[in-house]
Amino acid sequence: MSEKITSAPSCVDPFDGESISLDEALIRISERVVPVHACERLPIRECLSRVNNEAVKSPHNVPPHSNSAMDGFAVAIDSLGDGGITELDEIGTAYAGVPFEGDVARGQCVRIMTGALIPAGVDAVVMQEQAEVAESGKIRIDADHRVGENIRQAGEDVRKGDTVIDAGVRLSPADLGVLASLGIAQLQVKRKPVVAFFSTGDELVAVGEPLEPGKIYDSNRYTLHGMLSRMAVDIIDLGVVPDEPQAMRDTLESAAAKADLILSTGGVSVGEADYIKPALEEIGTTEFWKIAIKPGRPLTLGQIGASVFIGLPGNPVAVMVTFSQFVVPAIEMLSGASLRRPALFNARALDSLRKRPGRYEFQRGVATLDDNGEWQVGKTGKQGSGILTSMSRANCFIVLPDVVDGVEPGDQVKIQFFDWSL
Ligand code: AMP
Ligand code: MG
């Protein structure tokens, strides 16, 4: 497109006035999505990335008993006197898992290993590097030590009855470790949402088939499959659906019977042979939106029975942008997870970026750290919504809010790293 045409007044675009904002679109999606209710009890290893159903309270203290943080000598500080060196009798050894059973009296000490229970009668562990074994076999320790030294107190990590993992948390590897440290072998988590997806368009050919004139390969199902595979959802690939009313209706109906969320790409821009709208209106409800974002302006939200339908645009980059901004939060809501805003980082622009005010833009960038450890970001070539290589070369979106009117090198911008996982 030439300079002249892109800078034409906005009245050439009849939809500008009807656009809704990104936030408004998110609110409307949240009003429609009902979190999955069903739960399952699973061994904790299978709970990774799943959503915790009920707050987990600790059944006991962690660590359960006071133990040594170091290899050294367990002593009573009282034994050490006010100054100078004290010689103590070593009366035994405490190993991790094999405690020293007796009492430690004044003038005595016990050799102790990291993780071993603190024997009765002592209140400090002196590191072995700070003790000396005399020729007589006695243990020589100076007076420069304090009560509690090198002792991990019972309950120091977690106290019995404390909430350790809230409901709605998506479980991380560290959470699994915390559960294991409490002896919890199984946990109740929300079931995974089921997400079905398909592409629409008579121009689409599946990979592996020859490309006839006027046809293009279907790439959207591959990006969608990739992004969904990184999330804790079950996925159903329904293939390419032709631009034909009966086929569209059948696909939507069978998808609604199986899936909590149905995604399509293409067929939602105004003015084209549009089969999604009549099919949806027949078997469910639908809203067609123009969202004030670029790329990704047309989007459809619908409902078929209990299933939510999100019709994404057809352009490959717009699919990935709308997925990151709308589908990821929709899946979070559906999963019963507590909502998070995407993490945005400040970065210094390396390039000038063209932008008109009025819309949120998600340009594709490569973010790197500069010599001062600060983020800097450059763009990945042409930014057309069909240019998928602009995504595959990028590692982040350069997020330009509606008010921004172009960016010059050196300006501060916000970036959102690609992260299709939850
Ligand atoms: P549509 O919204 O259906 O008009 O599609 C917008 C643009 O995206 C058109 O140029 C389509 O050919 C292209 N497109 C739609 N679906 C796909 C797909 N699955 N893979 C690649 N390009 C697509
Ligand atoms: Mg189409």
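Residues numbered from 1 in each chain as written. Chains lettered and ligands numbered in written order. Predicted model: local features only at pLDDT ≥ 70, side-chain atom pairs only at ≥ 80, totals over all residues. Heavy atoms only, no water.

**Student:** Any chance you could explain the packing of aromatic side chains here in plain terms?
**Tutor:** Each aromatic ring pair is described using two quantities: the centre-to-centre distance and the angle formed by the ring planes. With the rule as written, the count across this model stands at five aromatic pairs. Relative to Phe397, the ring of Phe362 has its centre 5.8 Å away and its plane inclined at 80°; by these criteria the two rings are edge-to-face. Pair noted here: Phe362 is in strand β23 (residues 360-369) and Phe397 is in strand β25 (residues 396-400), with a separation of 35 residues, a long-range link. Taken individually, Phe362 and Phe397 each receive the classification buried, so the pair is uniform in this respect. One aromatic cluster is present, built from ring pairs that chain together Tyr360, Phe362, Phe397 and Phe418. One cation-aromatic arrangement involves Lys277 over Phe288; the distance from NZ or CZ to the ring centre is 5.2 Å. (Phe/Tyr/Trp six-rings, centres within 6.5 Å; stacked < 30°, edge-to-face > 60°. Helix = DSSP H or I, 4+ residues; strand = E, 2+ residues; numbered from the N terminus. Buried < 20%, exposed > 50% of the residue type's maximum accessible area, 1.4 Å probe, protein only. Lys NZ or Arg CZ within 6 Å of the ring centre and 35° of its normal.)

**Student:** Would you mind showing me how to read the packing of helix α2 (residues 22-32) against helix α7 (residues 316-335) here?
**Tutor:** A pair of packed helices is captured by two measures, namely the crossing angle of their axes and the spacing between those axes. Running from N to C, α2 and α7 cross one another at 30°; their axes reach a closest spacing of 10 Å. Considering their axes alone, α2 and α7 lie roughly parallel with respect to each other. Note on packing geometry: the crossing formed by α2 with α7 is right-handed. Residue-level contacts link Leu22, Ala25, Leu26, Ile29 and Ser30 of α2 to Gln325, Phe326, Pro329, Ala330 and Met333 of α7. Per-class residue counts for the contact of α2 with α7 are eight nonpolar, two polar and no charged. (Axes fitted to C-alpha atoms, helices over the stretch in contact; angles between N-to-C directions. Parallel < 35°, antiparallel > 145°, perpendicular 65-115°, else oblique. Left-handed = near helix turned anticlockwise from the far one by under 90°. Contact = heavy atoms within 4.5 Å. Nonpolar A, V, L, I, M, F, W, Y, C, P; charged D, E, K, R; others polar.)

**Student:** In this structure, what is going on with the sheet that holds strand β4 (residues 72-75)? I would like to understand it.
**Tutor:** An order of β7-β4-β6-β5-β9-β8 is seen for the six strands of this open sheet, with the pairing classed as mixed. Of all the strands in the sheet, just β7 (124-127) and β8 (131-133) have a single pairing partner and so form its edges. The sheet shows a mean angle of 40° between the axes of neighbouring strands, taken without regard to direction. (Pairing = 2+ DSSP bridges.)

**Student:** Explain the side chain of Thr300 to me, please; I cannot follow it from the model alone.
**Tutor:** Mapped onto the elements, Thr300 comes out in strand β20 (residues 298-304). Thr300 gets classed as buried once you look at its relative accessible area, which sits at 0%. Contacts of Thr300, omitting those with residues within four sequence positions, involve Val268, Leu280, Thr286, Glu287, Phe288, Phe309, Ile310 and Gly311.

**Student:** Help me out: how do you make sense of the site of ligand 1 in this one?
**Tutor:** Close to ligand 1 lie 17 residues; Glu203, Asp218, Ser219, Gly267 and Gly314 are nearest. At 2.6 Å from an oxygen atom of ligand 1 is found a side-chain nitrogen or oxygen belonging to Glu203. Here an oxygen atom of ligand 1 and a backbone polar atom of Gly267 are 2.8 Å apart. Protein coverage of the free-state accessible area of ligand 1, which is 480 Å², stands at 79%. Of all the elements in the fold, those that place two or more residues in the shell around ligand 1 are β13 (194-200) and β15 (216-217). When the residues that make up the shell around ligand 1 are grouped by side-chain class, the tally is four nonpolar, ten polar and three charged. (Near = heavy atom within 4 Å. Polar contact = N/O pair within 3.5 Å; in protein donor to acceptor, adjacent residues only side chain to side chain. Areas by Shrake-Rupley, 256 points an atom, 1.4 Å probe, with all protein chains shown as cover.)

**Student:** Help me understand the sheet that holds β20, please; the structure alone is not making it clear to me.
**Tutor:** Two modes of strand pairing occur in sheets, parallel and antiparallel, and in both the strands are linked by backbone hydrogen bonds. Spatially, β16-β13-β17-β21-β20-β18 is the arrangement adopted by the six strands of the open sheet, whose pairing is mixed. Of all the strands in the sheet, just β16 (234-241) and β18 (285-290) have a single pairing partner and so form its edges. Between one strand axis and the next, the sheet turns through 15° on average, direction left out of account. Of the strands in this sheet, β13, β17 (261-265), β18, β20 and β21 (307-312) are in contact with helix α6 (residues 276-283), which crosses β18 at around 145°. Docked against the sheet, α7 engages β13, β17, β20 and β21, running at close to 175° with respect to β17.

**Student:** Got a minute to help me understand unusual backbone geometry in this structure?
**Tutor:** Note: most residues except glycine have negative phi, and most peptide bonds are trans. Following Val62, the chain continues to Pro63 via a peptide bond in cis, the omega torsion being -10°. You can see Pro63 is positioned in the loop between β2 (56-57) and β3 (67-68). A cis amide bond links Lys294 to the next residue, Pro295, at an omega of -5°. Tracing the sequence through the fold places Pro295 in the loop between β19 (293-294) and β20.

**Student:** What is the right way to look at the pattern of salt bridges in this model?
**Tutor:** A complete count under the given rule lists 17 salt bridges for this structure. The partner of Asp218 in a salt bridge is Arg221, and the shortest N-O contact between them spans 2.7 Å. For Glu332, the salt bridge is made with Arg340, and the minimal N-O distance between the two is 3.7 Å. Judged by its relative accessible area of 4%, Glu332 falls in the buried class. Through salt bridges with shared partners, a single ionic network connects Glu24, Arg28, Arg32 and Glu287. (Salt bridge = Lys/Arg side-chain N within 4 Å of Asp/Glu carboxyl O.)

**Student:** It is not clear to me how the packing of helix α5 (residues 245-258) against α6 should be interpreted in this structure. Could you clarify?
**Tutor:** In the contact formed by α5 and α6, the axes pass within 9 Å of each other and the chain directions differ by 50°. Considered as vectors, α5 and α6 are oriented oblique to each other. In this structure, α5 crosses over α6, and the sense of that crossing is right-handed. The residues of α6 that touch α5, namely those facing Pro245, Met248, Arg249, Leu252 and Glu253, are Ile276, Ala279, Leu280, Glu282 and Ile283. Considered class by class, the residues forming the contact of α5 with α6 number seven nonpolar, no polar and three charged.

**Student:** Whenever I open this one, helix α3 (residues 173-181) confuses me. Can you help?
**Tutor:** Side chains that are three or four residues apart share a direction in an α-helix, a result of its 3.6 residues per turn. Turning to α3, its buried residues are Asp175, Leu176 and Leu179. Angularly, the buried residues of α3 cover 100° about the axis, an arc narrow enough to put them on a single face. Among the exposed residues of α3, those oriented more than 90 degrees off its buried face are Pro173 and Ala174. Of the surrounding secondary structure, the elements contacted by the buried residues of α3 are β2, β11 (163-165) and β12 (186-190). With its phi angle positive at about 80°, Gly183 sits one or two positions after the end of α3. (Arc of directions from axis to C-beta.)

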